[in-house]
Amino acid sequence: MEKNSLNQAKELLRQTKALMIHAGAGMSVDSGIPDYRSKTGIIYTHPVLKKLNLSYTRVSDPDFLFQNPRLFWGIKAWQIKLILESTPHTGYNLIKKFAEQLPLKYFVYTSNIDNQFQDAEFNIQRITECHGNALYLQCSRKCTNEIWSLDFEKLEFDEEKIEVNNLPECPKCKELARPNVYLFGDGYWIKEKFRKQSENFYSYINQLKETDTIATILEIGAGKEVSTIRNHTEYYVKHFGYKLIRINTDFPDVPAGEISLQGKAVDALGEIMDFK
């Protein structure tokens, strides 16, 4: 990371009154949660999955859920197991400690499904999970808009074969249940929780408008292949004039005039949150 860029980021943070935290998979990697598409991604973290040579796009398709539910759930159970065994890295606490002292505090907008911000004790009213949360379930046939917490201990997860033997059921219709996360081309994702979170997000944006506040966006680990977070970031930079600090190991490029830090989340956050 260039010293000049680090100094610019620290100075911007010193001046900011509101922080928007936009987080992609790279934010979670330093907590030990694999990303989705790299050579060390979730598909390559288990020997059975390596042999199957399946893409993350394929195993996150609603059709795959119905065609091979035991393997679909095996992969999700493997991912959830890694999530539950992880602990938020030090960068989360650095952000939280800094942002809670700001006049207009913060808001988190993340595509991560791993509950890390909640585990790090961020205010749940200040979090939007635009792709859902893997620790909640829903009916795969969408017979109801209700979602419920996953009891992982009740899953008969065969870690060696990467399969789940007792497939979760919807308590209402007894059809197959699935994680309440967005799958590719997914018309069955129940968005009620996301909608409520989005209402909180837009209330925060309105608060910034009413006070003529230019927020700083701290974007961390957002890739380009699924560019939900980057697009979200750049919309607010372009149309609202918000300032950007982008932390990314592989795709650190930024719009003109914004700040780029190429590196791991935990390292970059440790540098820019040190105001000594």
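Residues numbered from 1 in each chain as written. Predicted model: local features only at pLDDT ≥ 70, side-chain atom pairs only at ≥ 80, totals over all residues. Heavy atoms only, no water.

Help me understand the pattern of salt bridges, please; the structure alone is not making it clear to me.
Close approach of charged atoms allows side chains with opposite charge to pair. What the rule picks out here adds up to 14 salt bridges. With its nearest N and O atoms 4.0 Å apart, the salt bridge here joins K154 to D151. Relative accessible area serves as the criterion here: at 39%, D151 is assigned to the partly exposed category. Between D253 and K224 there is a salt bridge, with its nearest N and O atoms 3.2 Å apart. You can see D253 sitting in the loop between strand 10 (243-248) and strand 11 (259-262) and its partner K224 sitting in the loop between strand 9 (216-220) and helix 10 (228-240), a full 29 residues away along the chain. Assessed through its relative accessible area of 41%, D253 is described here as partly exposed. Accessibility expressed as a relative area gives 40% for K224, which makes it partly exposed. What emerges from the salt-bridge pattern is a single network uniting K81, E85 and E159. (Salt bridge = Lys/Arg side-chain N within 4 Å of Asp/Glu carboxyl O. Buried < 20%, exposed > 50% of the residue type's maximum accessible area, 1.4 Å probe, protein only. Helix = DSSP H or I, 4+ residues; strand = E, 2+ residues; numbered from the N terminus.)

How should unusual backbone geometry be read in this particular structure?
Among all residues save glycine, negative phi is the norm, and among peptide bonds the norm is trans. Residue N115 is not a glycine yet carries a positive backbone phi of 70 degrees. When you line up the elements, N115 lands in the loop between strand 2 (106-110) and helix 8 (116-119). At K142, a position not held by glycine, the phi torsion is positive, near 60 degrees. Relative to the assigned elements, K142 resides in the loop between strand 4 (132-139) and strand 5 (148-149).

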